[in-house]
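Residues per chain, in single letters:
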Amino acid sequence: MAATTSPEQQLAGFIAKLAPDVAKLIRAARRRMRQRLPHAMKLVYDNYNVFVIGYGPTEKPSEAIFSLAAQARGVGLCFLQGAKLPDPKGILRGSGNVVRNVRLESAATLDRPEVRALMKTALERAKVPMGANGAHRLIIRSVSAKQRPRRAPR
């Protein structure tokens with residue numbers, strides 16, 4: 001009988017498919033997010049277009065507040081309820097009705113004061129608040145059989 005693969009092992013496999021620089025960035029960003037949101041549920045999607053780790057108070061994707069989204073071109077921090085966030089520094093990208101994002105040049109982007117302020121505001125305005133005592137869990141939500149290349153062409 002084969003041993004089952006843990007969610008952490010599955011996640012490591014998904015990240016290993018990324019270009020080395022993108023993989024390094026997502027690992028570093030994930031460590032910072034874990035420090036900042038120790039009680040968040042982590043919802044993982046290895047989809048056709050993009051690899052995503054969502055962060056929210058519950059297992060419901062609709063209640064997620066942030067996500068790290070990686071593709072061949074890099075990594076972004078998505079504010080999943082970000083369209084209505086005040087953005088006095090004008091750092092949020094996107095024009096959709098719901099989501100906005102910040103491109104992560106490095107994991108240190110998460111430590112910039114304007115990014116920290118946006119994250120704080122997003123947590124305060126979240127549809128469902130992030131609990132201070134929730135149980136951290138990593139849940140693999142979706143894995144697409146067919147995927148775009150995770151590494152940029154040379």
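Everything numeric in this text was worked out from a predicted model, so none of it was measured. Each residue is numbered by its place in its chain's sequence as written, counting from 1. Totals for whole chains, interfaces and linings use every residue, but because this is a predicted model, local features are given only for residues with pLDDT of at least 70 and side-chain atom pairs only at 80 or more, for both listing and counting. The basis for the side-chain values is all heavy atoms of the structure; hydrogens and waters are excluded.

A. Structural context of the packing of aromatic side chains. What counts as a ring pair is set by centres within 6.5 Å for rings of Phe, Tyr and Trp (its six-membered ring), and what kind of pair is set by the plane angle: stacked under 30 degrees, edge-to-face over 60, tilted for all other angles. One pass over the full model with this rule turns up two aromatic pairs. Ring geometry for F66 against F79: centres 5.6 Å apart, planes inclined by 75 degrees, an arrangement best described as edge-to-face. Placement of the pair is F66 in strand 3 (residues 66-71) and F79 in strand 4 (residues 74-79), with a sequence separation of 13 residues. With a relative accessible area of 0%, F66 lands in the buried category. Secondary structure is summarised from DSSP: a helix means a run of H or I of at least four residues, a strand means a run of E of at least two, and numbering begins at the N terminus for each. Burial classification: accessible surface area is computed with a 1.4 Å probe over protein chains only, and a residue below 20% of its type maximum counts as buried, one above 50% as exposed, and the rest as partly exposed.

B. Quick peek at the pattern of salt bridges. For salt bridges, the criterion is a side-chain nitrogen of Lys or Arg within 4 Å of an Asp or Glu carboxyl oxygen. Tallied over the full model, the rule gives ten salt bridges. The residue E59 makes a salt bridge to R137 at a minimum N-O spacing of 2.6 Å. With E59 in the loop between strand 2 (51-56) and strand 3 and R137 in strand 6 (residues 137-143), this residue pair connects regions lying 78 residues apart in the sequence. With relative accessibility at 34%, the residue E59 sits in the partly exposed group. Assessed through its relative accessible area of 37%, R137 is described here as partly exposed. One continuous salt-bridge network, built from bridges that share partners, spans R32, R36, D111 and R116.

C. Here's a closer look at the environment of L80. Mapped onto the fold, L80 is located in the loop between strand 4 and strand 5 (100-104). The spatial distance from the C-alpha of L80 to the C-alpha of A126 is 9.4 Å, given a sequence separation of 46 residues. Note on contacts: a residue pair qualifies if any of its non-hydrogen atoms lie within 4.5 Å across the two residues. Apart from residues no more than four positions distant in its own chain, L80 is found in contact with A64, I65, F66, S67, V98 and V99.

D. Layout of the pairing of strand 5. Counting buried positions along strand 5 yields four of five residues, so the element is predominantly enclosed. Pairs of strands are assigned from DSSP output, requiring at least two bridges between the strands. As paired strands, strand 4 and strand 5 are joined by five bridges and run antiparallel to one another. Looking across to strand 5, one finds that F79 is bridged to R100.

In short, shape yes, function no, at least from these values alone.
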